[in-house]
Amino acid sequence: SNGCDHPDCIEQGKSMFVYFYNADVCYHIPGMSDVMPYESARFCDLSENDLHEYEKAFSEIIQNAVLRFKPDIIHSHHLWLVSSMARRLFPNIPMVTTCHGSDLRQFQNCPHLQEKVLSGCREINLVMALSRAQKSEIIRLYDLNPEKIIITGAGYNDRLFYLDKKPGPDPVQLVYAGKLSSAKGVPWFLRALQSIKTPAWQLHLLGSGSGEEMAFCLSLAKKLGEKVRIYGALPQKRLAKIVRRAHILVLPSFYEGLPLVILEGLASGCRIVATDLPGTRDILGNSEADFINLVSTPRLRFADQPYREDEYAFEQNLKKALQQQIDAASSCAQFDLSPIQDKLDAYTWKGVFKKAREAYLTAIERSMPADTIRS
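Note on numbering: residues in each chain are counted from 1, in written sequence order. Thresholds applied to this predicted model are a pLDDT of at least 70 for local features of residues and 80 or more for the giving and counting of side-chain atom pairs; totals over whole chains, interfaces and linings are not thresholded and use all residues. To get the side-chain values, take all heavy atoms of the structure and skip hydrogens and water.

Draft legend 1. Seen up close, the packing of aromatic side chains. Classification of ring pairs uses Phe, Tyr and Trp, with its six-membered ring standing for Trp, and accepts pairs whose centres are within 6.5 Å; under 30 degrees between planes counts as stacked, over 60 as edge-to-face, and the remaining range as tilted. Taken as a whole and judged by the stated rule, the model has 13 aromatic pairs. Relative to Tyr-19, the ring of Phe-17 has its centre 6.0 Å away and its plane inclined at 55 degrees; by these criteria the two rings are tilted. On the basis of relative accessible area, Phe-17 is assigned to the partly exposed category, the value being 29%. With a centroid separation of 5.7 Å and 85 degrees between ring planes, the pair formed by Phe-43 and Tyr-54 is classed as edge-to-face. On the criterion of sequence distance, the pair formed by Phe-43 in the segment before α1 (48-69) and Tyr-54 in helix α1 is long-range, its members being eleven residues apart. Taken together, the ring pairs connect Phe-20, Tyr-27, Phe-43, Tyr-54, Phe-58 and Trp-80 into an aromatic cluster. Any Lys NZ or Arg CZ found within 6 Å of a ring centre and within 35 degrees of that ring's normal is scored as a charge over the ring. Above the face of the Tyr-307 ring, Arg-299 is positioned so that its terminal group lies 4.7 Å from the ring centre. When accessible area is computed with a 1.4 Å probe and restricted to protein chains, residues below 20% of their type maximum are described as buried, those above 50% as exposed, and intermediate ones as partly exposed. A run of DSSP states H or I qualifies as a helix once it reaches four residues; a run of E qualifies as a strand once it reaches two. Both are numbered from the N-terminal end.

Draft legend 2. Expanded view of the packing of helix α6 (residues 186-194) against helix α7 (residues 211-223). Interaxial angle, 0 to 180 degrees, is taken between N-to-C directions of lines fitted to C-alpha atoms, where a helix line uses only the stretch in contact. Packing of α6 against α7 leaves a shortest axis separation of 9 Å and a crossing angle of 10 degrees. The pairing of α6 with α7 is recorded here as roughly parallel in orientation. Side by side, α6 and α7 meet where Val-186, Pro-187, Leu-190, Arg-191 and Gln-194 of the first sit next to Phe-216, Cys-217, Leu-220, Ala-221 and Lys-223 of the second. Roughly parallel means an angle under 35 degrees; roughly antiparallel means over 145; roughly perpendicular covers 65 to 115; every other angle is labelled oblique. We call two residues in contact whenever any of their non-hydrogen atoms come within 4.5 Å of each other.

Draft legend 3. Region of interest: helix α13 (residues 349-367). Helix span is expected to be 1.5 Å times the residue number reduced by one. Under the 1.5 Å per step criterion, the end-to-end length of α13 is 27 Å for 19 residues, consistent within 8% with the ideal 27 Å. Taken residue by residue, α13 has Val-352, Ala-356, Ala-359 and Ala-363 as its buried positions. One side of α13 carries all its buried residues, which in axial view fall inside an arc of 55 degrees. Exposed and facing more than 90 degrees away from the buried side of α13 are Lys-350 and Lys-354. Elements that come into contact with the buried residues of α13 comprise β2 (95-98), β3 (126-129), β4 (149-151) and α12 (341-346). The arc in question is traced by the directions running from the helix axis to the C-beta atoms.

Draft legend 4. Structural detail: the nonpolar core. Each nonpolar core is a collection of buried residues, namely Ala, Val, Leu, Ile, Met, Phe, Trp, Tyr and Cys, held together in the definition by side-chain atoms within 4.5 Å. With 41 residues, the main nonpolar core has Trp-80, Ile-138 and Tyr-142 as its most contacted residues. Going through the elements one at a time, α1, α2 (81-89), α3 (102-109), α4 (114-121), β3 and α5 (132-142) are the ones with two or more residues in this core. Not counting chain neighbours up to four residues away, the residues in contact with Ile-138 comprise Leu-79, Cys-99, Leu-104, Val-127, Ala-129, Asp-143, Leu-144 and Ile-149. In terms of nonpolar packing, the next biggest core, distinct from the first, is built from 36 residues, Ala-240, Leu-249, Leu-251 and Ala-289 among them.

Here's what the structure looks like:
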């Protein structure tokens with residue numbers, strides 16, 4: 001953290017931070033993805049001394065937090081180093097951990113850290129997974145008992161993302177919201193748009209990135225001229241307003257845990273063009289709605305790098321899906337959401353919190369001595 005004085009943040013007396021590139025840790029914060037939209041380090045590049053500094057800072061802050069707040073339960077995020085450390089430090093406090101997917105990639109990319117991660121993560125009372133596919137991957141990678149993993153999904157804010165009156169579809173409004181990186185499929189998406197001339201369209205490119213990947217994405221976007229509006233990172237309220245006014249939301253990513261942006265787009269009445277990821281299938285089920293196009297992902301050499309020989313086909317498949325939804329939006333700006341309304345309802349914050357509360361109660365129950373439960 002760099003700290004935060006914004007009124008929407010947690011009150012200072014109720015939060016504690018580890019400061020990176022500062023007094024606590026001398027280097028930039030390691031990102032849970034290797035490409036982050038700010039200055040960051042990579043876990044795979046950290047030296048033994050770097051790791052020691054990282055663990056020392058978090059160990060101290062976690063112990064101080066437990067002393068100050070005296071928690072009944074610890075809820076951590078990511079099946080990764082800090083969660084493992086928290087479990088080892090406080091084995092008798094019930095603990096649940098939310099898996100986001102990026103932790104699973106780090107686990108595979110950093111084999112030298114796996115034992116350190118497993119030593120604590122295997123003792124967590126309950127893991128909250130985003131999808132069925134993610135649950136299977138956690139079992140495979142961490143060798144966890146399936147009974148320790150429940151699927152809670154993740155929630156979208158239905159006070160920000162909801163049906164609104166769409167503008168006329170001339171031009172058709174497209175939106176992409178996420179990191180400007182190769183792992184998100186942005187370069188192939190922008191190249192696919194280059195040869196779509198009609199009907200008229202405009203792309204709202206929301207998000208940021210870092211380094212050469214962001215620079216490359218921006219150079220491709222600028223080749224499309226006035227058809228693309230580039231915003232950078234936006235507050236969620238402003239982002240939501242743009243999504244509510246869009247006709248099509250695009251997510252060409254190679255990897256997602258549970259792609260919340262698809263839920264946000266659908267709830268806002270957007271047609272969807274996305275890659276056919278397991279998390280996306282978990283949201284949509286077997287929906288055959290004509291306002292959704294799912295594109296097969298290319299084979300990947302690494303976690304997020306496609307084989308060169310598959311790139312052209314992926315780009316052409318994206319182009320075909322985009323053309324189909326642009327044509328449809330051009331003739332029908334709004335459509336009936338009723339085929340997927342029940343799915344949207346299950347992923348509101350209210351729906352997800354109900355499942356999280358059940359996870360807390362289960363974790364507490366499982367951590368109680370057997371004679372206490374019987375009495």
